[in-house]
Structure formats: structure tokens, C-alpha cells
Amino acid sequence: MLFRSEINLGRETNHAVAIMPIMLGLRIYIFHGLDTGFQPYFLAAGGPVIAMEATQQVGLVTVNESHTETTVAAKLGAGVNILLMNWFSIDVSGGYMSMSDFSTPLNGTENFGGWNASFGFSFFLGRQ
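All values reported here derive from a predicted model rather than from experimental measurement. (Residues numbered from 1 in each chain as written. Predicted model: local features only at pLDDT ≥ 70, side-chain atom pairs only at ≥ 80, totals over all residues. Heavy atoms only, no water.)

## Overview of the pairing of strand S4 (residues 38–58)
Applied cut-off: Strand pairing follows a simple DSSP-based rule, namely that at least 2 bridges must link the two strands. Each helix is a run of DSSP H or I of at least 4 residues and each strand a run of E of at least 2, with the numbering of both proceeding from the N terminus.
Note that strand S2 (residues 11–21) and S4 share ten bridges and pair antiparallel. The partner of histidine 15 across the bridge, within S4, is threonine 55. Here six bridges tie strand S3 (residues 24–29) to S4, and the two strands are oriented antiparallel to one another. Each residue of the ladder has a partner; that of glycine 25, found in S4, is alanine 45. Note that S4 and strand S5 (residues 63–85) share 20 bridges and pair antiparallel. For threonine 55, the partnering residue across the bridge sits in S5 and is glutamate 65. Counting the residues in the hairpin turn of S4 and S5 gives four residues.

Here it is, written out as C-alpha cells:
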């Protein structure tokens, strides 16, 4: 989420942009057959990206504006699952997300694609 605040001659402006990719993809585990607690993988994913921009100007009159934009994106990367128990793991991944431009710029930017990293937890229902 991007946030920016400005104060100009008695008028304050708050500006925020939130971006949410909704990706469906595939993970290919490199050493799936080995019984270790360290499982590296490659990933490929794609799907829509939903973004919202909101602006609030406070002065003599308060003005609130917001709009949403949608585009598509694809991500290639790699990561690792670190199994702590047979039902719980930590997931660390990174990659490059390529996306189409938004039709209307958000915070002056049409494209938020680039390198990214993520960290998460996984809970398994079956045997690992």
C-alpha cells in the first residue's frame, strides 16, 4: 500500500493506493521425492490485479475521491518451504511480476510490476 500526505496553504491532502493481485499458479518442487524439511520450488502464476486509489482533501470543504482499476499480471519465481512440523511450514518466495498498464494512472504510475518477495505460513491437512 502506498500512502502520501501533503499540506498546502491550509489544505491537507491524503492519498492512498492499494494493490491486490489474485494469482492462480503452479509450483514445481525440485526435490519432491526426498524426505527433508527443506523443499525448494519454482513457481508460475497469473491472474487479475485489482487496485484502488483514494484521495481526501481537507480544507474549507472536504473532498473524498476514489476509483478502482483492473489489469492482468503474470509472475515467475522461486521459493522454499521450510517444514517445521509435518503439518506446518514457513514459505519464502521471490520473483518478477509483469503486468499490463492500468488505463488510468494510480498515484501517477500506470504499472507497478517488478521484483517482489513474500513470506508466509502453510498449514497442511494431509501427511507431508
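Right, picking up where we left off after that structure.
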